[in-house]
Amino acid sequence: MEQGLTKQQFDILELLVTANGALPETEIQEKTGYSYEIVDRTIKKLQKLGYVENTAVTGMGRRAMEPYRVKRTIFTWPVLAAGLYRLH
């Protein structure tokens, strides 16, 4: 059974995906606000899972992020307008 990502794993993977390459752990720490220990431990776990190699996201890491991707947005203006219209 596949297990989901922790918040820390997700945050770091997301940062690395948007950086489109490897980042030094110090920069990951600065951008996420996580302590050095948390970043180091999380990177090691992501490497063990095969999601990260040398602080760059692997194909497996990108696939692990897929369930969290927004697949469709919903245009809410008509709903909002209809709701406001009924209030008057």
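Residues numbered from 1 in each chain as written. Predicted model: local features only at pLDDT ≥ 70, side-chain atom pairs only at ≥ 80, totals over all residues. Heavy atoms only, no water.

A tally of regular secondary structure across the protein gives five helices and two strands. Considering the protein as a whole, with its 88 residues, one finds that 26% of them fall into the buried category. Long-range contacts, defined as pairs at least 24 residues apart, comprise 55% of the intrachain contacts of the protein with a sequence gap of at least 6. Summed over its atoms, the accessible surface of the protein is roughly 6700 Å², and 56% of this surface lies on carbon and sulfur atoms. (Helix = DSSP H or I, 4+ residues; strand = E, 2+ residues; numbered from the N terminus. Buried < 20%, exposed > 50% of the residue type's maximum accessible area, 1.4 Å probe, protein only. Contact = heavy atoms within 4.5 Å. Areas by Shrake-Rupley, 256 points an atom, 1.4 Å probe, with all protein chains shown as cover.)

Next up on the list: the pattern of salt bridges. Scanning all chains against the criterion turns up three salt bridges. A salt bridge links Lys-7 to Asp-11, with the shortest nitrogen-to-oxygen separation between them at 2.9 Å. You can see Lys-7 and its partner Asp-11 sitting in helix α1 (residues 7-19), four residues apart, about one turn around the helix. Ionic pairing is found between Lys-31 and Glu-27, a salt bridge with its closest N-O pair at 3.8 Å. Residue Lys-31 and its partner Glu-27 are located together in helix α2 (residues 25-32), separated by four residues, close to a single helical turn. Residue classification places Lys-31 among the exposed residues on the basis of a relative accessible area of 53%. Judged by its relative accessible area of 25%, Glu-27 is partly exposed. (Salt bridge = Lys/Arg side-chain N within 4 Å of Asp/Glu carboxyl O.)

Summed over all chains, the structure comprises one aromatic pair. Ring geometry for Phe-10 against Tyr-68: centres 5.3 Å apart, planes inclined by 55°, an arrangement best described as tilted. Here Tyr-68 lies in the loop between α4 (59-65) and α5 (77-87) and Phe-10 lies in helix α1, a separation of 58 residues in the sequence. On the basis of relative accessible area, Phe-10 is assigned to the partly exposed category, the value being 21%. Judged by relative accessible area, which is 38%, Tyr-68 ranks as partly exposed. (Phe/Tyr/Trp six-rings, centres within 6.5 Å; stacked < 30°, edge-to-face > 60°.)

A few words now on unusual backbone geometry. Phi is positive for Asn-54, close to 55°, though the residue is something other than glycine. Asn-54 gets classed as exposed once you look at its relative accessible area, which sits at 61%. Look at Thr-55: it is not a glycine, yet its phi comes out positive at around 55°. If you trace the backbone, Thr-55 turns up in the loop between β1 (52-53) and β2 (56-57). By relative accessible area, Thr-55 is classed as buried at 11%.

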